[in-house]
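As a plain string of letters, each chain reads:
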Amino acid sequence: MLNGRIFLKEVRCFLHHSIPLRIMCPDDANIVGNVHGGTILKMIEEAGCIIGTRHCNTQNGDRCVAALARVERTDFLHPMFIGEVAHVSAEITYTSKHSVEVQVNVLSENILTGTKKVTNKATLWYVPLSLKNVDTIIEVPPIEYFKPDQEELGKKRYEAQKFERMETKERNGEIITPVSLPERHTKEPYTVGFSQSSLIHLIGPSDCTLLGFVHGGVTMKLMDEVAGIVAVRHCKTNIVTASVDAINFHRKIKKGCVITISGRMTFTSNKSMEIEVFVDADPLAEAEKGKYRAVTAFFTYISLDKENKPLPVPPLKLEGEEEQKRFEEGKARYLQNKAKRLADKEQKQ
């Protein structure tokens with residue numbers, strides 16, 4: 001370290017991290033052997049938390065833990081199956097005064113053939129919270145960059161995600177009313193109300209960090225489970241996570257809270273379906289604080305046949321202006337992401 005700055009070449013071990021190899025088991029997968037997207041997201045977050053916490057504690061002062069603030073759009077490039085080995089590596093690519101950008105890569109390895117495939121590339125943002133006072137954000141040790149433009153590009157990514165987080169937070173006041181089983185029978189198939197689903201979970205010690213707040217990876221896994229249920233209820237086939245749009249962690253969730261994870265279908269194309277997921281936290285022991293919106297995200301799924309080949313997705317039947325509005329917003333996101341994928345593909349050619 002020189003003048004308070006950490007040099008990338010000299011402390012590469014702090015800025016790059018690989019978690020131990022892990023073989024995928026039946027508990028990690030759905031009924032046809034595809035590893036749950038939530039399982040992979042949890043591994044990604046664990047790697048990001050380790051490297052972020054390690055880096056933020058390289059300086060003198062308060063000890064801290066890196067808390068997840070946001071996950072950028074994550075595409076599931078290839079499926080992972082039971083029996084394959086997951087390789088997860090993470091690297092710090094940018095630091096601001098109070099946040100850390102971590103990029104994580106996931107590879108799957110077939111240990112019978114030796115074949116390896118990149119399944120995921122993700123970007124996560126963390127903030128370091130003091131162990132003495134969880135409401136105190138610690139300053140992040142800066143890093144040196146290989147090239148001058150790396151810092152400038154990182155700053156642009158930081159400003160963009162900060163703006164999107166604030167924009168998302170402002171429009172997330174709506175509370176979804178869970179649909180009970182008797183009510184579902186009155187709903188028409190392929191409508192939003194028919195597939196809408198909720199899950200209730202009590203946050204226990206095993207879900208939490210050293211600070212007593214839930215791990216981001218635990219929350220993402222539960223969100224993927226609910227979104228997956230919505231997708232199955234809509235198309236009644238095997239489904240897999242195709243991508244996750246930015247996941248924003250608006251507020252911390254404390255041990256002892258009861259969380260309600262709710263999902264609803266917002267958009268369908270011929271081959272995919274978008275599901276909006278909310279996490280609302282209820283601090284039972286501190287009821288006077290009231291229920292609050294903690295996390296939001298959009299998940300995209302595809303429908304598969306028994307041979308893991310894509311199937312057409314049944315069109316979503318819309319009821320009312322609000323559902324029509326959400327559908328049009330989902331369509332805009334779909335077209336934007338499709339255009340970006342095509343542009344990236346052309347760039348690589």
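What counts and how
- Residues numbered from 1 in each chain as written.
- Predicted model: local features only at pLDDT ≥ 70, side-chain atom pairs only at ≥ 80, totals over all residues.
- Heavy atoms only, no water.
- UniProt positions renumbered as here; feature names shortened; annotations may be inferred.
- Patch = residues over 30% accessible without salt bridge, like charges linked within 9 Å, V, L, I, M, F, W, Y side chains within 5 Å.
- Areas by Shrake-Rupley, 256 points an atom, 1.4 Å probe, with all protein chains shown as cover.
- Salt bridge = Lys/Arg side-chain N within 4 Å of Asp/Glu carboxyl O.
- Helix = DSSP H or I, 4+ residues; strand = E, 2+ residues; numbered from the N terminus.
- Core = buried A, V, L, I, M, F, W, Y, C linked by side-chain atoms within 4.5 Å.
- Buried < 20%, exposed > 50% of the residue type's maximum accessible area, 1.4 Å probe, protein only.
- Contact = heavy atoms within 4.5 Å.
- pLDDT = per-residue confidence, 0-100.
- Axes fitted to C-alpha atoms, helices over the stretch in contact; angles between N-to-C directions.
- Parallel < 35°, antiparallel > 145°, perpendicular 65-115°, else oblique.
- Left-handed = near helix turned anticlockwise from the far one by under 90°.

As named in an unreviewed UniProt entry, the chain is palmitoyl-CoA hydrolase, taken from Pygocentrus nattereri. The annotation that UniProt attaches to the chain under Subcellular location (unreviewed entry) is "Cytoplasm".

Colleague: When you look at a nonpolar patch on the surface in this model, what are you seeing that I'm missing?
Modeller: A cluster of nonpolar side chains, Ile23, Ile111 and Leu112, forms an exposed patch at the surface whose accessible area comes to about 340 Å². Relative to the helices and strands, isoleucine 111 is located in the loop between β5 (100-109) and β6 (116-130).

Colleague: Explain the nonpolar core to me, please; I cannot follow it from the model alone.
Modeller: Burial of nonpolar side chains together is a common tendency in soluble globular proteins. Among the nonpolar cores identified, the biggest contains 72 residues, and Met223, Ile247, Ile253, Ile261 and Phe299 are the most heavily contacted of them. The dominant element in this core, judged by the number of residues it contributes, is helix α6 (residues 216-235), at 9 residues. Excluding its chain neighbours within four sequence positions, the residues that come into contact with isoleucine 253 are Ile203, Gly212, Phe213, Val214, Ile259, Val279, Ala281, Tyr292, Ala294 and Val295. Core analysis: the second largest hydrophobic core is formed by 5 residues, Val65, Val127, Leu129 and Leu211 among them.

Colleague: Can you walk me through the confidence of the model for the chain in this structure?
Modeller: A low pLDDT means the predicted coordinates there should not be read in detail. Across the chain, pLDDT averages 88, with 90% of residues at or above 70. Below pLDDT 50 for its whole length, residues 1-13 participates in 23 contacts with residues either more than four positions away or in separate chains.

Colleague: Could you clarify how one ought to interpret the packing of helix α2 (residues 37-56) against α6 in this entry?
Modeller: Two packed helices can be described by the angle between their axes and the distance between those axes. Where α2 contacts α6, the two axes come as close as 8 Å, and the packing angle between them is 165 degrees. For the element pair α2 / α6, the angle class is roughly antiparallel. Crossing of α2 over α6 shows right-handed handedness. On the side of α2, the interface is formed by Gly37, Gly38, Thr39, Leu41, Lys42 and Glu45, while α6 contributes Gly216, Gly217, Val218, Met220, Lys221 and Asp224.

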